[in-house]
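Each chain is listed here by its residues.
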Amino acid sequence: MIRIEKNERIEMLKRRTERCRCKYCGGKLELRRIIYGDIESARVEIFCRECDRIEYGIEQEIYHIAKYFVEQMDFNAYPDLDYSETTKQMSIAKTCEIITWGCKNLKLLDGDGFRYPVEIEEDMDGETVRISDKRLDVIMSETTISETTI
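Residues numbered from 1 in each chain as written. Predicted model: local features only at pLDDT ≥ 70, side-chain atom pairs only at ≥ 80, totals over all residues. Heavy atoms only, no water.

Within the protein, the regular secondary structure consists of 4 helices and 7 strands. Its helices and strands taken in sequence order, the protein reads α-β-β-β-β-β-α-α-β-β-α from the N to the C terminus. With 150 residues in all, the protein has 26% of them scored as buried. Contacts in the protein between residues far apart in sequence, at least 24 positions, make up 53% of those at least 6 positions apart. (Helix = DSSP H or I, 4+ residues; strand = E, 2+ residues; numbered from the N terminus. Buried < 20%, exposed > 50% of the residue type's maximum accessible area, 1.4 Å probe, protein only. Contact = heavy atoms within 4.5 Å.)

Below, the structure written as structure tokens:
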């Protein structure tokens with residue numbers, strides 16, 4: 001019975017590494033066997049190679065909007081600490097936790113990810129604004145452009 005529970009846990013961790021990212025850096029996650037000091041039994045955990053830490057992970061979509069929020073709103077969840085890349089990552093991670101909490105309580109998110117398909121505004125990357133041809137046509141038809149001859 002214990003072996004079955006272990007296999008179920010590992011399968012759950014595999015699914016999680018496929019769909020989630022590190023809540024600090026947004027990096028891909030992997031499974032690793034972690035050995036704790038002199039303890040012979042090792043556990044399989046989710047690990048972020050970029051941060052070099054055990055990390056349970058966060059849904060990609062949540063990381064994306066949390067990062068956007070922190071960067072665009074200059075949000076700092078740790079104002080008592082000097083602002084650095086580390087505090088920015090910690091603020092993104094904290095924002096991820098808050099958004100995840102809200103999504104879980106709204107029953108939008110469970111242990112297997114989002115219960116419904118989600119869409120993210122494409123222009124939330126903060127770098128560019130993407131407008132489809134169809135949307136551009138609508139904008140152009142709503143805007144009156146007066147031509148002036150010089």
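Across the sheet, which stays open at both edges, the 3 strands sit in the order 2-3-4 with antiparallel pairing between neighbours. At either end of the open sheet lies a strand with only one pairing partner, and these are strand 2 (29-34) and strand 4 (53-54). Pairing analysis gives 2 bridges linking strand 3 (residues 43-48) to strand 4, with the strands arranged antiparallel. Paired with cysteine 48 across the bridge in strand 4 is arginine 53. (Pairing = 2+ DSSP bridges.)

Moving on, we get to the side chain of glutamate 59. In this fold, glutamate 59 is placed in strand 5 (residues 58-59). Beyond its immediate stretch of four places on either side in the chain, glutamate 59 contacts Arg16, Arg19, Cys20, Leu109, Gly113 and Phe114.

Further remarks concern the pattern of salt bridges. Applying the stated rule across the entire model yields 12 salt bridges. Between arginine 9 and glutamate 45 there is a salt bridge, and its shortest N-O distance comes to 3.2 Å. Here arginine 9, found in helix 1 (residues 2-19), pairs with glutamate 45, found in strand 3; they are 36 residues apart in sequence, far enough to count as distant. Judged by relative accessible area, which is 25%, arginine 9 ranks as partly exposed. Residue class for glutamate 45 comes out buried when judged on its relative accessible area of 14%. Its salt-bridge partner being glutamate 71, residue lysine 88 comes within 2.8 Å of it at the nearest N-O pair. With lysine 88 in helix 3 (residues 85-105) and glutamate 71 in helix 2 (residues 60-73), this pair connects stretches of sequence that are 17 residues apart. With a relative accessible area of 27%, glutamate 71 lands in the partly exposed category. A single network of salt bridges, built from pairs that share partners, joins Arg9, Arg43 and Glu45. (Salt bridge = Lys/Arg side-chain N within 4 Å of Asp/Glu carboxyl O.)

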